[in-house]
Amino acid sequence: MRGSVLSGHPAGRRASSGRPATFSEVFSVREFRPLFGSYLLSTVGDELARVALTVLVYQRTNSALLSAVTFAISYLPWLLGGPVLASLADRFPRHRVLIASDVTRALLVALMAVPGVPMPVLLGLLLAVSLCAPPFEAARSALMADVLHGDRYAVATALTGITAQVSQLFGFVVGGALLVSFSPSVALLINAATFAVSAVWLAVRLRARPAPVPDAGDGIDGSLWAATRSGVRLIAAAPRLRAIVGLTWVAALFVNAPEGIATPLALQVQGTLAATGLLLAANPAGTAVGGLVIGRFCPPHVRDRLLAPLLALSLVGVLLAGLVPLVLDRGTAAYAAVLVLLFLAGIGGACSIPLNVAFVQAVPSAYRGRAFGVAGAGLAGVQGLGVVLAGLGAEVLRPATVVALCGALGLLAVVGPLVALRRAPLPVAAAGGGDPAHVAPVSRAEGRSVA
């Protein structure tokens, strides 16, 4: 595991001083700029494509179900093949995996923009584009750990999360504006261009590195399935990794579940469908603010101590947001209170920053891609499961009751993995104050997809 104490390195001195790194220190790292810039560029493009594809599919089929299927396709690669595809980042040079993924996506999205593409072909192309996300994300996150040392990694993780939230909002707004004057194909072409520019930027600015050197018998020289199994075994065999991943999955299951019933909740709280948008935006807005405050202004040791309080805040916020409509009558006051509570729950989502760093400390370099794939696949699965369960619950209970149950059950469910994390032994590098930046983050904000 590459986690030795940095001597004489500016980032090492910053980490050992106990003070948080600054944004300028993060951006001073030459290779971080293309990694961050390509993420920003394609995230905006992806949201443009999300809006465009929804409109395009509905225009051609007049089917709300097919529009929903279009969204669901973007989750399939992570659920069905995420760990397998992500292991490519451990078999080949990671900069080549990034560039190849972006070039492939640029070509496929450009084909999607061709007028008159048959619907089955369009959905097949979308699935193929989505299959490029797991290897890209695994390689990008692993390289982030290579180029950023000490507290710069934690601050960069917070910055990436903030960027994801703002980029999604910007992409939705711009996408809607584009569709007023242009066809959905134009938005798809813009998305293809973002992937092309990203590929060129990465090719020019990233340093060529060899493929990771595996440990003897770790499975990476065999089939992709063997490599994937070795990643699963790594997480399953390490108590600390099990606790970190379990805590991340459990929190995501209960915190994100209310998104699936935002519309009926808006009707219960305010009585209008127009209230849905702000209900959905409140939590991501809080996550962006929390990421900024916790990632940029809190010293590393303070972030570690804030893990449990932030987890509690994220779930208590959901619990109270569900209780408010059961106490207050429908109206502006209840709606405003729910928005504030969901915003506070989003601030609690900054617990992903210390979780990311803890994950980084516990995974050897050569396993980064596989570990990210396993964590990402499970995260996508529990998010989808939570939304489905919340929808089923809302069929028999009031939406606000389901939201309150999500918060209450979540508070109970996180106790086990949180206690396990506290009891698990620290890695050698973490115990010795070494560099924490050595694997991919598992935050939901790290995801990229075309739809």
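Rules of the game
- Each residue is numbered by its place in its chain's sequence as written, counting from 1.
- Predicted model: local features are reported for residues with pLDDT of at least 70 only, side-chain atom pairs are reported and counted for 80 or more only, and whole-chain, interface and lining totals are derived from all residues.
- Just so you know, side-chain values use all the structure's heavy atoms and leave hydrogens and water out.
- Comment: axis = line fitted to C-alpha atoms, over the contacting stretch for helices; angle = value between 0 and 180 degrees taken between N-to-C directions.
- A run of DSSP states H or I qualifies as a helix once it reaches four residues; a run of E qualifies as a strand once it reaches two. Both are numbered from the N-terminal end.
- By the definition adopted for this analysis, an angle is roughly parallel if under 35 degrees, roughly antiparallel if over 145, roughly perpendicular if from 65 to 115, and oblique otherwise.
- Helix crossings get a hand from a simple test, with the near helix turned counterclockwise from the far one by less than a right angle marking a left-handed crossing and a clockwise turn marking a right-handed one.
- Throughout, a contact is declared for two residues whenever any of their heavy atoms are within 4.5 Å.
- Side-chain classes follow a simple rule in which Ala, Val, Leu, Ile, Met, Phe, Trp, Tyr, Cys and Pro form the nonpolar group, Asp, Glu, Lys and Arg form the charged group, and the remainder, Gly included, forms the polar group.
- Definitions used throughout: a 1 Å grid over protein atoms alone; a cavity as a set of points that fits a 1.4 Å probe which cannot get out; a pocket as an open set with protein on both sides within 12 Å along at least five of seven lines; a lining residue as one with an atom within 4 Å of a point.
- Grid points are joined across faces, edges and corners, and a volume is the space filled by probe spheres set on the points.
- Note on aromatic pairs: the rings of Phe, Tyr and Trp (six-membered ring only in Trp) are paired at centre separations within 6.5 Å, and the planes decide the class, stacked below 30 degrees, edge-to-face beyond 60, tilted for the rest.
- Note on geometry: a ring has a charge over it if NZ (lysine) or CZ (arginine) is within 6 Å of the ring centre and within 35 degrees of the ring normal.
- For salt bridges, the criterion is a side-chain nitrogen of Lys or Arg within 4 Å of an Asp or Glu carboxyl oxygen.
- Three labels apply to residues, based on accessible area from a 1.4 Å probe with only protein chains included: buried if under 20% of the type maximum, exposed if over 50%, partly exposed otherwise in between.
- Picture the helix axis, draw a direction to every C-beta atom, and the arc is the one those directions span.
- Think of a polar contact as two N or O atoms within 3.5 Å of one another; within protein, one of them needs to be a possible hydrogen donor and the other a possible acceptor, and neighboring residues in sequence only count if both atoms come from side chains.

Q: Mind showing me how you'd approach the packing of helix α13 (residues 239–256) against helix α17 (residues 307–327) here?
A: Two packed helices can be described by the angle between their axes and the distance between those axes. Contact geometry for α13 and α17: axes closest at 10 Å, N-to-C directions at 20 degrees. With respect to α17, the element α13 is oriented roughly parallel. Between α13 and α17 lies a crossing whose hand is left-handed. Between α13 and α17, the contacting residues are Leu247, Ala251, Phe254 and Val255 on the first element and Leu307, Leu311, Ser314, Leu315 and Val318 on the second. Looking at the contact of α13 with α17 residue by residue, the classes come out as eight nonpolar, one polar and no charged.

Q: I would appreciate a short explanation of empty space enclosed by the protein in the present structure.
A: Vacant regions in the atomic arrangement are exposed by a probe of water-molecule size rolled over the atoms. Applying the stated criterion across every chain, the model contains two cavities of 30 Å³ or more. By volume, the second largest cavity is sized at about 130 Å³. Lining the second largest cavity, in full, are Val255, Asn256, Pro258, Glu259, Ala262, Leu265, Leu279, Leu280, Asn283, Pro284 and Leu342. Taken together, the elements giving at least two residues each to the lining of the second largest cavity come down to α13, α14 (262–269) and α15 (276–297).

Q: So what exactly am I meant to see when it comes to the packing of aromatic side chains here?
A: In this description, an aromatic ring pair is defined by two values, namely the gap between the centres and the angle between the planes. By the definition in use, this model includes three aromatic pairs. Within the aromatic cluster, the residues linked to one another by ring pairs are Phe27, Phe32 and Phe36. Of note, arginine 105 hangs over the ring of phenylalanine 136, and the distance from its end group to the ring centre comes to 4.6 Å.

Q: Hey, could you run me through the pattern of salt bridges in this one?
A: One side chain can pair with another of opposite charge once the charged atoms of both are near each other. On inspection of all chains with the given rule, the structure shows five salt bridges. Residue aspartate 102 is joined to arginine 105 by a salt bridge in which the shortest nitrogen-to-oxygen separation is 3.1 Å. Of the two residues, aspartate 102 and arginine 105 both sit in helix α7 (residues 94–112), three residues apart, roughly one turn of that helix. The class of aspartate 102 is buried, set by a relative accessible area of 0%. For arginine 105, a relative accessible area of 1% translates into the label buried. Note that arginine 140 is salt-bridged to glutamate 137, the shortest N-O span being 3.2 Å. With arginine 140 and glutamate 137 both in helix α9 (residues 133–147), this residue pair falls three residues apart, about one helical turn.

Q: Before we go on, may I ask you to explain helix α22 (residues 415–423) in this structure?
A: Taken residue by residue, α22 has Pro417, Leu418 and Leu421 as its buried positions. The buried residues of α22 all sit within an arc of 100 degrees when viewed along its axis, so they share a single face. The elements touched by buried residues of α22 are α13, α17, α19 (352–362) and α21 (399–413).

Q: Quick question: what am I supposed to make of the environment of arginine 303 here?
A: When you line up the elements, arginine 303 lands in helix α16 (residues 300–305). Each C-alpha atom of the pair arginine 303 and proline 354 lies 6.0 Å from the other, and the pair is 51 residues apart in sequence. Apart from the residues lying within four places of it in its own chain, the contact partners of arginine 303 are Pro20, Asp151, Ala154, Val155, Ile294, Gly295, Cys298, Ile353 and Pro354. For arginine 303, the side chain forms a polar contact with the main-chain oxygen of cysteine 298, separated by 3.1 Å.

Remember, this is a structural readout, not a statement about activity or role.
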